[in-house]
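# Residue-level structural notes
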Amino acid sequence: MKALLLENVHPLAEHILKEAGFEVETHAGALDEDELIEALQGVQLLGIRSKTEVTERVLDSAPDLYAIGAFCIGTTQIAKKHAAGRGVVVFNAPFSNTRSVVELAIAEIIVMARRLTEKDKALHEGVWNKDATGAHEIRGRALGIVGYGNIGSQLSVVAEMLGLKVYFYDSDDKLALGNATRCGSLDELLEVAEVVTLHVDDRKGNAGFFGAEQFAKMRPRSLFLNLSRGFVVDYDALREALLSGHIAGAAVDVFPKEPKKRGDAFTSPLQGIPNVVLTPHVGGSTEEAQEDIGRFVAGKLRDYIQRGTTTLNVNLPGLSLPPRFGGKRILHLHLNVPGVLGKVNSLLAKHEVNIEGQALNTAGEIGYGVTDVAELPRAAVAELLAMPETIRLAIIDG
């Protein structure tokens, strides 16, 4: 079987898949739609990061593709529902780089509070500017976290240890950690926070939700960070708030349009403004995080092909399965309609196939059934494939 890894996925991923018996091809950058379609011919596993778009057209043109690994948190670059309809499972790395993002957020809060970028620039230009004006400690300041998921909640704990007073807002009902205070609305958070940091997910409803109105509601001379998604913030409005002095500093790691590869040109309305820290989407880009992401996602891809395990995937029902020693394992992705499992079992019984183990889970329109048997006649396989409910069928030899 073949795997294609793009966008400088960590070498550990290649090592894990090669040890599992895959032929692995790697590319340093992203591929456009036509390039990706050509590269996916005969490929069973695809590994990408955030720049490669896996469109419906790509999926329709890749009949051999079984699974996609997003070696990052976000998965909006993948047509996940269409992938599910074609029986292609999608995995990501929801936890592996949370600490790296948290540490960058803390570092940037301190850098902005002390106005270190301006001090650094002055010294590089030969100007000695030892002055405490505008420089502050972060201890005792009010930090407002918008989005209290894996990253936001961990940031809450670390920030509190540094003496920050933590407030958070999330559209879902989340348990406050430590002494953090939950706010009932975004407006309530903006009234109290001296530092506002965004850690929201990539759902379409978050597009453009933080703009001129929200910046106007922030406390005067407060700080702003976005290390989540570039499309959630109106950066022209942020520029105006910075130039007016209402916002004292900003740190931005994500942008609506980002270059495809290292070295490409980049422009932003935030360039050239004092006390603004711009980083090229490196929140999770530490060697430790990338190694862990490579291990985690490659392991998920391997376990799906070798066992049928789909735990922590983002578009199909999840099942955790033990290894299969001997016999056959039937992986049956199907439409979630009544009676499918009964039809499968009746079909196997007709062919005198004894079922040794079975598991089923459903999610929305898709069902995923796994059946362990000792032997499986070709005629039974053909009938399983011919079932009108079948989306995809795969057989694993134990």
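These notes cover the structure that comes with them.

Cut-off values and rules
Residues numbered from 1 in each chain as written. Predicted model: local features only at pLDDT ≥ 70, side-chain atom pairs only at ≥ 80, totals over all residues. Heavy atoms only, no water. Helix = DSSP H or I, 4+ residues; strand = E, 2+ residues; numbered from the N terminus. Buried < 20%, exposed > 50% of the residue type's maximum accessible area, 1.4 Å probe, protein only. Arc of directions from axis to C-beta. Contact = heavy atoms within 4.5 Å. Polar contact = N/O pair within 3.5 Å; in protein donor to acceptor, adjacent residues only side chain to side chain. Axes fitted to C-alpha atoms, helices over the stretch in contact; angles between N-to-C directions. Parallel < 35°, antiparallel > 145°, perpendicular 65-115°, else oblique. Left-handed = near helix turned anticlockwise from the far one by under 90°. Nonpolar A, V, L, I, M, F, W, Y, C, P; charged D, E, K, R; others polar. Phe/Tyr/Trp six-rings, centres within 6.5 Å; stacked < 30°, edge-to-face > 60°.

## A look at unusual backbone geometry
Non-glycine residue Glu 7 carries a positive phi angle of around 65°. With respect to the helices and strands, Glu 7 occurs in the loop between β1 (2–5) and α1 (11–19). One non-glycine residue, His 281, lies in the positive phi region at around 55°. Looking at His 281, the relative accessible area reads 31%, which means it is partly exposed.

## A few points about helix α10 (residues 235–243)
For α10, the set of buried residues is Tyr 235, Ala 237, Leu 238, Ala 241 and Leu 242. Axial view of α10: buried residues confined to an arc of 150°, hence all on one face. Turning to α10, the residues buried within the fold contact α9 (212–217), β10 (222–226), β11 (247–252) and β12 (276–278). Between the side-chain oxygen of the N-cap and the backbone nitrogen of Asp 236 there are 3.1 Å, and the N-cap of α10 in question is Asp 234.

## Let's talk about the packing of helix α12 (residues 340–350) against helix α13 (residues 378–386)
Axis separation between α12 and α13 bottoms out at 10 Å; the angle between their running directions is 155°. Relative to α13, the element α12 lies roughly antiparallel. Where α12 crosses over α13, the handedness of that crossing is right-handed. Together, Val 344, Leu 347 and Lys 350 of α12 and Ala 380, Glu 383 and Leu 384 of α13 make up the contact between the two elements. Classifying every residue of the contact of α12 with α13 by side-chain character gives four nonpolar, no polar and two charged.

## A look at the packing of aromatic side chains
Summed over the entire model, instances satisfying the criterion amount to eight aromatic pairs. Ring plane angle 35° and centroid distance 5.2 Å describe the contact between Phe 210 and Phe 224, whose orientation is recorded as tilted. Within this pair, whereas Phe 210 is found in the loop between β9 (195–198) and α9, its partner Phe 224 is found in strand β10, the two being separated by 14 residues in sequence. For the pair formed by Phe 210 and Phe 224, the shared burial category is buried. For the ring pair Tyr 235 and Phe 255, a centre distance of 6.0 Å and an interplane angle of 50° mean the geometry is tilted. Taken as a pair, Tyr 235 in helix α10 and Phe 255 in the loop between β11 and β12 lie far apart in primary sequence, 20 residues in all. Its relative accessible area of 5% is what places Tyr 235 among the buried residues.

## Focus: the packing of α1 against helix α11 (residues 287–307)
Interhelical geometry of α1 versus α11 gives an angle of 25° and a closest axis separation of 7 Å. The angle between the axes of α1 and α11 places the two elements in the roughly parallel class. Here α1 and α11 pass one another in a crossing that is right-handed. Within the contact between the two elements, α1 uses Leu 12, Ala 13, Ile 16 and Leu 17 and α11 uses Glu 291, Gly 294, Arg 295, Ala 298, Gly 299, Leu 301 and Arg 302.

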